[in-house]
Every structure is written in structure tokens, then in C-alpha cells.
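If you want the building blocks of each chain, they are given just below.
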Amino acid sequence: MGHCKSLPKDVTGIEDCPGVESVFPTVEEEEVDEEEEEEVGPSICRVLTEEDFGHLMENKTALVYLMQLKTLANKKVDSICKVKECGEGIEISIKHVGSAVYLKWICRNTHIADKWCSQPILNRGLHGGDLMFASSILFSGNNFNKMELFAKFLQMGFPSQSSFTRLQRQYLVPSVDELWSQKQEELIAELFFLVTAGWIFQVTVHNSVHIL
Ligand SMILES: [Zn+2]
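Scope of this entry: the structure provided in the associated data block. (Residues numbered from 1 in each chain as written. Predicted model: local features only at pLDDT ≥ 70, side-chain atom pairs only at ≥ 80, totals over all residues. Heavy atoms only, no water.)

Formed by 13 residues in total, the largest nonpolar core has its most connected members in Ala134, Ile137, Phe144, Phe158, Phe164 and Leu167. Counting only elements with at least two residues in this core, the list comes to α3 (128-139), α4 (144-153) and α5 (161-196). Listed in part, the 8 residues of the second largest apolar core include Cys81, Cys86, Val101 and Trp116. (Core = buried A, V, L, I, M, F, W, Y, C linked by side-chain atoms within 4.5 Å. Buried < 20%, exposed > 50% of the residue type's maximum accessible area, 1.4 Å probe, protein only. Helix = DSSP H or I, 4+ residues; strand = E, 2+ residues; numbered from the N terminus.)

The pairing of strand β2 (residues 90-97) with strand β3 (residues 100-107) spans 8 bridges and is antiparallel. Bridge pairing in β3 places Ile90 opposite Cys107. Counting the residues between successive antiparallel strands, the hairpin from β2 to β3 contains 2 residues, one of them, Gly98, with a positive phi of roughly 60°. (Pairing = 2+ DSSP bridges.)

Let us look at the pairing of β3. Note that β3 and strand β4 (residues 112-117) share 5 bridges and pair antiparallel. Along β4, the bridge assignment pairs Ile106 with Ile112. Between the antiparallel neighbours β3 and β4 lie 4 residues, among them Thr110 with a positive phi of about 55°.

As a packed pair, α3 and α5 sit with axes 10 Å apart at the nearest point and diverge in direction by 65°. Helix-helix and strand crossings are classified by hand; for α3 and α5 the assignment is right-handed. Of the residues in α5, those touching α3 at Asp130, Leu131, Ala134, Ser135, Ile137, Leu138 and Phe139 are Ser163, Phe164, Leu167, Gln168, Tyr171, Leu172 and Val176. Here the contact of α3 with α5 is composed, by residue class, of 10 nonpolar, 3 polar and 1 charged. (Axes fitted to C-alpha atoms, helices over the stretch in contact; angles between N-to-C directions. Left-handed = near helix turned anticlockwise from the far one by under 90°. Contact = heavy atoms within 4.5 Å. Nonpolar A, V, L, I, M, F, W, Y, C, P; charged D, E, K, R; others polar.)

Let's shift gears to unusual backbone geometry. Residue Glu85 is not a glycine yet carries a positive backbone phi of 60°. Relative to the helices and strands, Glu85 resides in the loop between α2 (66-73) and β2. We classify Glu85 as exposed; its relative accessible area is 83%. Of note, Gln155 is a non-glycine position whose phi angle comes to about 60°, a positive value. With respect to the helices, strands and loops of the structure, Gln155 is situated in the loop between α4 and α5. When its relative accessible area of 29% is taken as the criterion, Gln155 is described as partly exposed.

Across the sheet, which stays open at both edges, the 3 strands sit in the order β2-β3-β4 with antiparallel pairing between neighbours. Strands with a single pairing partner mark the edges of an open sheet, and in this sheet they are β2 and β4. Each strand axis lies, on average, 15° off the axis of its neighbour in the sheet, ignoring direction.

To continue, consider the pattern of salt bridges. Here the structure, examined in full by the defined rule, presents 1 salt bridge. Residue Lys75 is joined to Asp114 by a salt bridge in which the shortest nitrogen-to-oxygen separation is 3.0 Å. Pair noted here: Lys75 is in the loop between α2 and β2 and Asp114 is in strand β4, with a separation of 39 residues, a long-range link. With a relative accessible area of 25%, Lys75 lands in the partly exposed category. (Salt bridge = Lys/Arg side-chain N within 4 Å of Asp/Glu carboxyl O.)

Let us now look at the coordination of the zinc ion. Those protein atoms acting as donors to the zinc ion are Cys81 (SG), Cys86 (SG), Cys107 (SG) and His111 (ND1), and they sit at 2.1 to 2.3 Å. Classification of the site at the zinc ion as tetrahedral follows from its 4 donor atoms and the range of 101 to 119° in their angles at the metal. In primary sequence terms, the donor set of the zinc ion follows C-x4-C-x20-C-x3-H. Highlighted residues: Cys81 in the loop between α2 and β2 and Cys107 in strand β3, separated in sequence by 26 residues. Neither Cys81 nor Cys107 differs from the other in exposure class; each is buried. (Donors = N, O, S within 2.8 Å, 3.2 Å for Na, K, Ca; no water. Tetrahedral: all angles 85-135°; square planar, octahedral: opposite > 155°, others 65-115°.)

The analysis is restricted to geometry; functional conclusions fall outside its scope.
Listed below in C-alpha cells is the structure:
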């Protein structure tokens, strides 16, 4: 059988890399002309005054999935409450829950005409964006505090620290462990095949591990 011997690893000068190239295929970046003027229309808001700029800095932002945005765009909600003998005007309330945003069409008598959420919802009310934020932070080699600060500057809804920790523990770390075990098993199976096939071989990994 083979003999595996590990020598102390030299860890100096290793490039800080989240391993993105092993997850995503390399895509040639397209040159995008960011200065290109968008068409002006009645629903396209332009920043023209100092006050407009204030709104740009102060207004909250949120992670919105395009599918949900499309659903919202196609939504038709009456501006007057349809509940019998009510007839009050409908107003839209906005509520942030983690990284998601909820819109609620509600009249003064608290009749709810419609609701919309900016993200798909998984089991137990988990917002898709929260899960994706948590996995993106972990797999891009970032940390929660930095990304939370990033979101704070953007005035962006963000999952809480406890939510991030829970998602990491419940879903993300077990997934990484599972993939790690799977890869290990594949490697061991491959080596076992080579040994049983009677091959004489030497594998060198980072000049530190020799299997003879
Ligand atoms: Zn009503």
C-alpha cells in the first residue's frame, strides 16, 4: 500500500483568494459604457437638485429579485378599498424584514388589499436574499461585520448577525462539509484504483506530500 507523509507546509506568501475561480467559470468582462444616457421618461427619476441628492443619500435600498420586481410591475391594486361599506383610500406601507422589503396595500380601516415581498420565501419564512447574502459572504471570503457596514453605507436592508450565524450553522457549513467529504472520498477511490491496478506512481502536491 502507499505511504503518505506530510511535511510542514510553507504557508508564507499565499495569495488571499476566496476560490471564486473554482466555483464560477471565467467570463470575459464586457466593456460597458457607463456614461450612456438612459432614455428619459415620466417614471425615471433624475437627480437634479440638492434636495434630490439628499434623497439619494438617505433613502433606504433593498435586495430585490427581478422575478418579484416583474410581478410587482404587473400588479394592479385598486386605490380605493373594495371592502363593503369601507371605500377608504388605499395607502402603501413599506416594511423591511432582514434584507427583504414588504409592501402592503392597506386602507385606514386596516383592510389589506394586497401584499408583496421583494424576495422568494423558503421554508419557515426564510427570505431567499438572506440565505444568499449569508452564502455570498462566506464563499467570497468576506466577513459579516464588513459586509454589514457596507450595507449600512448603502442604507440597505441586511440580515442580522444572529440570522447570519444561524444560516451559516444550519445550511452553509454542513454543505461545505458534505462537499469536502465527497471530494475526499473521490480522491481516495481514485488512489485506491491506481494502487490496486498495480501502477507505480508518485504524486507530488505542493512539493510537500509524496505518495510512494
Ligand atoms: Zn377598507
